[in-house]
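For reference, the chains in residue letters:
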Amino acid sequence: MAVWDDLVGQERVIAELDAAARDADALVTAADEGAPSPAASRMTHAWLFTGPPGAGREAAARAFAAALQCVSPDRALGGAPGCGFCDGCHTALIGTHADVSTVAATGSQILAEDMRDTVRKSYTAPAGGRWQIILVEDAERLNEKSANAVLKAVEEPATRTVWLLCAPSVDDVLPTIRSRCRLLTLRTPPVEAVADLLIRRDGIEPEAAHAVARATQGHVDRARRLAVDPAARERRAAVLRLPTRVGDVGGALRAAQELVDAAAADAKALAEELDVRESEELKAALGASQGGRLPRGTAGVMKDLEDKQKRRRSRTQRDSLDLALTDLTNFYRDVLALQLGTRVALANVDAEDALQRLARSGTPESTLRRIEAIAACGKALDRNVPPLLAVEAMTMALRDG
């Protein structure tokens, strides 16, 4: 299986990355043999992957990293980089390759302290691989200081270092950084392509695969989660019931509270096991005694970890709310499609009765106002408005129409 196989609906991007990986291979070979570098190359030291949620930005960047680190014996016989089976490909894809470093936001921002060691590593030679690769999953979350650190590293890169930045759009990245990157824009995968991937890769039944692909409008990761996780399906069903529960003030406020509580519970469930393991590993590394007492002078290190974990829980809760807002937006988009009599396929066919009722009881103008209220809630959360306050404002606006 080639590393590109899971990038559904991205043929143009795959072709460009494959060509760059081949040229990168030629650059490495020339350097190892002491020969001059090829005059023309499609390989560069910095890449920016953009595209809507679910398009596979991080998957494309990681597949490219794997292709650059590929050590398949077939390469000597003219095989394409990115076999998907060799040690270089496998470890890069699962995130354990020594020369592929991944940076992701643990809170609402990537802080300078989160980038310090990574930037330092970017100036070192690969330990065993062909390239030193830095993959930044949430480049839009770089704050001023961390973005400036990345900018300096991208402006003056080491010979064998490649930066792979992922963001929703070019406007989410500092202009001075994006001007030094090669831009790749991914598109939302077609529903049929996502369903085919779930059937082929995950063994999902065709009917279920098509249903979740349609429900998530081509978001590969969310579609798979809905297909395999009953709890995820129940959370989505609860969100889709919300528009029918905001008929009065009390119902709107209760719905908001339940939505925020569900997001907090998700964050807690995801964080608990990871937080405990991180804390125990750090205590062991610091040489904590058998009774659990930390050596003198190490309390600050534990406090830093606790702060990081707190930021990660807040980020996880925000991500859970983002998914709910996306589901609500898709719901009202279906309502609008019914009101306008368009031939667009409904995403939420499992909630068609509710869609029909709301379409009959409202107008396209009121539906658009509701969609705008959901977008406003997302912007409020971006500005760190308390989640309950932002969601209550949204549910009251959904009630008023």
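Notes on the structure in this doc start here. (Residues numbered from 1 in each chain as written. Predicted model: local features only at pLDDT ≥ 70, side-chain atom pairs only at ≥ 80, totals over all residues. Heavy atoms only, no water.)

**Examining the overall build of the chain**
For the record, the criterion: Every helix listed is a DSSP run of H or I at least four residues long, and every strand listed is a run of E at least two residues long, numbered separately from the N terminus. The buried label goes to any residue with under 20% of its type's maximum accessible area, the exposed label to any with over 50%, and the partly exposed label to all in between, with areas taken from a 1.4 Å probe on protein chains only. The Shrake-Rupley method, run with a 1.4 Å probe, gives the accessible areas here. Residue values count only the displayed protein chains as cover.
For the chain, the count of helices and strands is 15 helices and five strands. Relative to its 401 residues, the chain shows a buried fraction of 45%. Accessible surface for the chain amounts to roughly 19,900 Å². Of this, 53% is attributable to carbon and sulfur atoms.

**Regarding the packing of helix H7 (residues 191-202) against helix H9 (residues 220-228)**
Helices that pack against each other are described as a pair by the angle of their axes relative to one another and the distance between those axes. What counts is decided by this rule: Convention adopted: a line fitted to C-alpha atoms gives each axis, helices being fitted over their contacting stretch, and angles between N-to-C directions are expressed from 0 to 180 degrees. Any angle that falls under 35 degrees is termed roughly parallel, while one over 145 is termed roughly antiparallel, one within 65 to 115 roughly perpendicular, and all others oblique. A crossing counts as left-handed when the near helix is turned anticlockwise from the far one by less than a right angle, and as right-handed when that turn is clockwise. Whether two residues touch is decided by their heavy atoms; if any such pair falls within 4.5 Å, the residues are in contact.
Between H7 and H9, the least distance of the axes is 10 Å, while the angle of their chain directions is 55 degrees. Taken together, the axis directions place H7 and H9 in an arrangement best described as oblique. Here H7 and H9 pass one another in a crossing that is right-handed. Packed against H7, whose contacting residues are Val194, Leu197, Leu198, Arg201 and Asp202, the element H9 presents Val220, Ala223 and Arg224 at the interface.

**Structural notes on the nonpolar core**
Just so we agree on the cut-off: Think of a nonpolar core as a cluster: buried Ala, Val, Leu, Ile, Met, Phe, Trp, Tyr and Cys residues, connected wherever their side-chain atoms sit within 4.5 Å.
Counting residues in hydrophobic clusters, the biggest one holds 36 residues, and the most contacted among them are Trp4, Trp47, Phe49, Phe64, Leu68 and Leu164. Considering each element in turn, this core owes the most residues, eight residues, to helix H2 (residues 57-69). What Trp4 contacts, discounting residues up to four positions off in sequence, is Ile14, Leu17, Asp18, Ala63, Phe64, Ala67 and Pro81. In terms of nonpolar packing, the next biggest core, distinct from the first, is built from 31 residues, Ala252, Tyr332, Val335 and Leu398 among them.

**What to know about helix H8 (residues 206-215)**
Stated precisely, the cut-off is as follows: By definition, the arc is the one covered by directions from the helix axis to the C-beta atoms.
All buried positions along H8 are accounted for by Ala209, Val212, Ala213 and Ala215. All buried residues of H8 fall inside an arc of 165 degrees around its axis, so they share one side. In the stretch just after H8, Gln217 is the one whose phi turns positive, near 55 degrees.

**Structural notes on the side chain of Thr216**
Threshold: Any N or O atom pair separated by 3.5 Å or less is treated as a polar contact, with the protein-specific requirement of one donor-capable and one acceptor-capable atom, and with residues adjacent in sequence counted only for side-chain atom pairs.
Checked against the element boundaries, Thr216 lands in the loop between H8 and H9. Of the residues examined, Thr216 reaches a relative accessible area of 6% and is grouped as buried. In terms of polar contacts, Thr216 uses its side chain to reach the backbone carbonyl oxygen of Val212, at 2.8 Å. Excluding anything up to four places from it in sequence, Thr216 contacts Arg222, Ala223 and Leu226.

**Looking at the sheet that holds strand E3 (residues 132-136)**
As a reminder, the rule being used: A pair of strands is labelled paired if DSSP reports no fewer than 2 bridges between them.
Spatial ordering of the open sheet is given by E2-E3-E4-E1-E5, a layout of five strands whose pairing is parallel. Looking at which strands have only one partner, the edges of the open sheet turn out to be strand E2 (100-103) and strand E5 (182-185). With direction set aside, neighbouring strand axes in the sheet form an average angle of 15 degrees. Note: strand E1 (residues 46-50) against strand E4 (residues 161-167), five bridges, orientation parallel. Across the sheet, the residue bridging to Ala46 is Trp163, located in E4.

**As for the pattern of salt bridges**
Which entries qualify depends on this criterion: A side-chain nitrogen of Lys or Arg and a carboxyl oxygen of Asp or Glu constitute a salt bridge if their distance falls within 4 Å.
This model, assessed by the stated rule, comprises 20 salt bridges. Residue Glu156 pairs with Lys152 through a salt bridge whose shortest N-O separation is 3.7 Å. For the salt bridge of Arg399 with Asp400, the shortest nitrogen-to-oxygen distance reads 2.8 Å. Here Arg399 falls in the partly exposed class, since its relative accessible area comes to 31%. Using a relative accessible area of 54% as the deciding quantity, one classes Asp400 as exposed. Shared partners join several salt bridges into a network, and the residues in it are Asp6, Arg201, Asp202 and Arg224.

**Side note on the packing of aromatic side chains**
Heads up, the rule is: Note on aromatic pairs: the rings of Phe, Tyr and Trp (six-membered ring only in Trp) are paired at centre separations within 6.5 Å, and the planes decide the class, stacked below 30 degrees, edge-to-face beyond 60, tilted for the rest. Counting as a charge over the ring demands two things of the Lys NZ or Arg CZ atom: a distance within 6 Å of the ring centre and an angle within 35 degrees of the ring normal.
Scanning the entire structure with this criterion turns up two aromatic pairs. Considering the side-chain rings of Trp47 and Phe64, the 5.0 Å spacing of their centres and the 70 degrees angle between planes classify their relative orientation as edge-to-face. One end of the pair, Trp47, is in strand E1; the other, Phe64, is in helix H2, with 17 residues separating them in the sequence. Judged on exposure class, the residue Trp47 and its partner Phe64 are both buried. Relative to Tyr332, the ring of Phe331 lies with its centre 5.5 Å away and its plane at 80 degrees, an arrangement referred to as edge-to-face. Take Phe331: its relative accessible area is 0%, and that puts it in the buried class. Classification of Tyr332 as buried rests on a relative accessible area of 2%. The positively charged end of Arg182 is found above the aromatic ring belonging to Trp47, 5.2 Å away from the centroid.

**Some remarks on the packing of helix H14 (residues 364-382) against helix H15 (residues 387-400)**
Rule in force here: All residues other than Ala, Val, Leu, Ile, Met, Phe, Trp, Tyr, Cys, Pro, Asp, Glu, Lys and Arg, Gly among them, are scored as polar; the first ten of these are nonpolar and the last four charged.
Across the interface, H14 lies against H15 with an axial gap of 9 Å and an inter-helix angle of 175 degrees. In terms of orientation, H14 and H15 fall into the roughly antiparallel class. In contact with Arg370, Ala373, Ile374, Cys377, Ala380 and Leu381 of H14, H15 contributes Pro387, Ala390, Val391, Met394, Ala397, Leu398, Arg399 and Asp400. For the contact of H14 with H15, the residue count by class is eleven nonpolar, no polar and three charged.

**Here we look at the pairing of E4**
Side chains on a regular strand alternate between the two faces of the sheet. For clarity, the cut-off: With the strands pointing away from the viewer, any crossover whose connection runs clockwise from the first strand over the helix to the second is right-handed.
Counted residue by residue, E4 has seven buried out of seven residues, so it is predominantly covered. Residues Thr161, Trp163, Leu165 and Ala167 line one face of E4 and the alternating positions Val162, Leu164 and Cys166 line the opposite face, and both faces are buried. Bridge count for E3 against E4 is five bridges, and the pairing is parallel. In the sheet register, Ile133 faces E4, and the bridge partner there is Val162. With respect to chirality, the unit in which E3 leads through helix H5 (residues 144-155) into the neighbouring parallel E4 is right-handed.

**Looking at helix H3 (residues 87-94)**
Buried residues of H3: Gly88, Cys89, Thr91 and Ala92, and no others. Contacts from the buried residues of H3 go to H2 and E2.

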